[in-house]
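Survey of secondary and tertiary structure
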Amino acid sequence: MISAVVTAETAESFRVVEGRADAGIVLLCDHACNALPAELGTLGLQEHELRRHIAYDIGAEAITERLAKRLGAPAVLSRFSRLLIDINRGADDPTLIMRLSDGAVVPGNQCLSPEQRDARIARYWRPYHDAAGRVIAACRDAGPPPVIFSVHSMTHAWKGVQRPWQVSILWNEDSRLAGALLEAFRTNRHLTVGDNEPYHGGLEGDTLWQHARPYGLASVVIEYRQDLVADRRGQDHWADVTADILERIIPTARQPYQKSALPNGASYGEARSEDANRTGSGRVSSVSRTSARADRRTEHRPDEPGRVLPQLPEQLDAGSGG
Ligand SMILES: [Zn+2]
């Protein structure tokens, strides 16, 4: 029997890397690129701003491509900067189109009309999510449900404080994949592995919320620290380390979710707290979700008291990566 293949595809706002539909994993890379449509120029930013983390997740694209190759898995990658529109936000999220990111005012995003905002969603946001939905559906049809692995990178420091984690696993209420990944990375005693740090993996409307949660698929966001994955050597190293782990744990992680099957659940602080919030349906309470959302946004709030910024009452700063 010939196994189904997700074929390669390139569109204006996304591309799909070919892979086996029964590989057991779908890779997503929401912040792969720093490109902008020609008609929007640089959104009024200096060129150097587009090379910073505010424009994309440094190293994430190359890691995703290598993971796809190693695992024979399909991948969906964005083809535009998160400054144009943030794929990893719900369409109604106030931080979907950033007017301020890590201290940089984005002139081209300041005065969008509702129609211009809707047009960006339709042209650059929705096609990516439609593609991710199609790829995941094809993989679900091909065999046991796939796990969803969302590749990101984070800055090495935030607000002058060095981040200690070389790699972080962000997750919400389902620990199947997260628990196994944390356990595997932590077998290397030289690593400091983040568990829902620097922020929690549960954000209503984000990519995994849209594509994994509704179908009960095991999923995580992984954040690689950007100083470690800025060059090809680092990207290859971390992709290979991750692929070695995923090859081992995917068969177990994609099994149906059972609370009693939490891998060493008691050793994970988040698992304990989430257990306390979980209802019988396996859903996290609205209190917990709200808290997670607040944590993620609060950390990203701009903190430059000496700088006069436009009045942006609902606009927070997601410039710390993720
Ligand atoms: Zn990201």
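Described in the following lines is the structure provided in the data block.

Parameters at a glance
- Residues numbered from 1 in each chain as written.
- Predicted model: local features only at pLDDT ≥ 70, side-chain atom pairs only at ≥ 80, totals over all residues.
- Helix = DSSP H or I, 4+ residues; strand = E, 2+ residues; numbered from the N terminus.
- Buried ≥ 20, exposed ≤ 12 C-beta atoms within 10 Å, placed from the backbone.
- Contact = placed C-beta atoms within 7 Å.
- Core = buried A, V, L, I, M, F, W, Y, C linked by C-beta atoms within 7 Å.
- Expected span 1.5 Å × (residues − 1).
- Pairing = 2+ DSSP bridges.
- Axes fitted to C-alpha atoms, helices over the stretch in contact; angles between N-to-C directions.
- Right-handed = clockwise from strand over helix to strand, strands pointing away.
- Left-handed = near helix turned anticlockwise from the far one by under 90°.
- Nonpolar A, V, L, I, M, F, W, Y, C, P; charged D, E, K, R; others polar.
- Parallel < 35°, antiparallel > 145°, perpendicular 65-115°, else oblique.

What follows covers the overall build of the chain. Secondary structure summary: the chain contains 8 helices and 14 strands in total. When each of the 322 residues of the chain is scored for burial, the buried share is 47%. A separation of at least 24 residues holds for 79% of the contacts in the chain among residues at least 6 apart in sequence.

Moving on to unusual backbone geometry. Of note, the bond from Glu-197 into Pro-198 is cis; its omega dihedral lies within 30 degrees of zero at 5°. Structurally, Pro-198 can be placed in the loop between β13 (193–195) and α5 (207–211). Look at Asp-102: it is not a glycine, yet its phi comes out positive at around 50°. Inspection of the secondary structure puts Asp-102 in the loop between β7 (100–101) and β8 (104–105). Even without being glycine, Asn-196 reaches a positive phi, approximately 55°. Considering the arrangement of structural elements, one finds Asn-196 in the loop between β13 and α5.

This brings us to the nonpolar core. Ile-25, Leu-27 and Val-220 are the most contacted members of the largest nonpolar core, which has 76 residues in total. The element best represented in this core is helix α3 (residues 114–142), accounting for 7 residues. Beyond its immediate chain neighbours, meaning those up to four positions away, Ile-25 contacts Leu-71, Ala-73, Pro-146, Val-147, Phe-149, Leu-246 and Ile-250.

Its 12 residues give helix α2 (residues 60–71) an end-to-end C-alpha distance of 16 Å, which sits within 8% of 16 Å, the value for a rise of 1.5 Å per residue. Listed as buried for α2 are Ala-60, Glu-61, Ala-62, Ile-63, Thr-64, Leu-67, Ala-68 and Leu-71. Gly-72 sits one or two residues past α2 and shows a positive phi near 65°.

In terms of residue burial, helix α4 (residues 176–185) counts as a mostly covered element, since 8 of its 10 residues are buried. Every buried residue of α4 is accounted for by Arg-176, Leu-177, Ala-178, Gly-179, Ala-180, Leu-181, Leu-182 and Phe-185.

Here we come to the pairing of strand β9 (residues 147–154). Counting buried positions along β9 gives 8 out of 8 residues, so the element sits mostly inside the fold. Of the two faces of β9, both are covered, the one formed by Val-147, Phe-149, Val-151 and Ser-153 as well as the one formed by Ile-148, Ser-150, His-152 and Met-154. Looking at chain direction, strand β5 (residues 25–29) and β9 are connected through 4 bridges and run parallel. The residue of β9 that forms the bridge with Val-26 is Ile-148. Pairing between β9 and strand β14 (residues 219–225): 7 bridges, direction parallel. Paired with Phe-149 across the two strands is Val-220, which belongs to β14.

Another aspect to go through is the sheet that holds strand β6 (residues 75–78). If you trace the 8 strands from one edge of the open sheet to the other, you get β2-β3-β6-β5-β9-β14-β12-β13, paired in mixed fashion. Two strands bound the open sheet, and with one partner strand each, they are β2 (9–10) and β13. Inspection of the sheet shows strand β3 (residues 14–17) paired to β6 by 4 bridges, in the antiparallel sense. Of the residues in β6, the one forming a bridge with Val-16 is Val-76. Lying on the sheet, α2 is in contact with β3, β5, β6, β9 and β14; it crosses β5 at an angle near 165°.

Every second residue of strand β12 (residues 167–170) is oriented toward a common face, with Val-167 and Ile-169 on one face and Ser-168 and Leu-170 on the other, all of them buried. Both β12 and β13 contribute to a ladder of 3 bridges, which runs parallel. For Ser-168, the partnering residue across the bridge sits in β13 and is Gly-194. The parallel pair β12 and β13, bridged by α4, forms a crossover whose chirality is right-handed. Taken together, the 4 bridges between β12 and β14 define a ladder with antiparallel strand orientation.

The next subject is the packing of α4 against helix α6 (residues 232–253). Across the interface, α4 lies against α6 with an axial gap of 10 Å and an inter-helix angle of 150°. α4 and α6 meet at a crossing whose hand is right-handed. Here α4 contributes Arg-176, Leu-177, Ala-180, Leu-181, Ala-184 and Phe-185 to the contact with α6, which in turn contributes Ile-245, Ile-249, Thr-252 and Ala-253. Each residue belonging to the contact of α4 with α6 can be placed in one class, and the counts come to 8 nonpolar, 1 polar and 1 charged.

This paragraph deals with the packing of α2 against α6. Contact geometry for α2 and α6: axes closest at 9 Å, N-to-C directions at 40°. Taken together, the axes of α2 and α6 are oblique relative to one another. α6 is crossed by α2, and the crossing has right-handed handedness. When α2 is examined against α6, the residues Ala-62, Ile-63, Arg-66, Leu-67, Arg-70 and Leu-71 are found in contact with a partner set consisting of Arg-232, Gln-235, Asp-236, Trp-238, Ala-239, Thr-242, Ala-243, Leu-246 and Glu-247. The residue makeup of the contact of α2 with α6, split by class, is 8 nonpolar, 2 polar and 5 charged.

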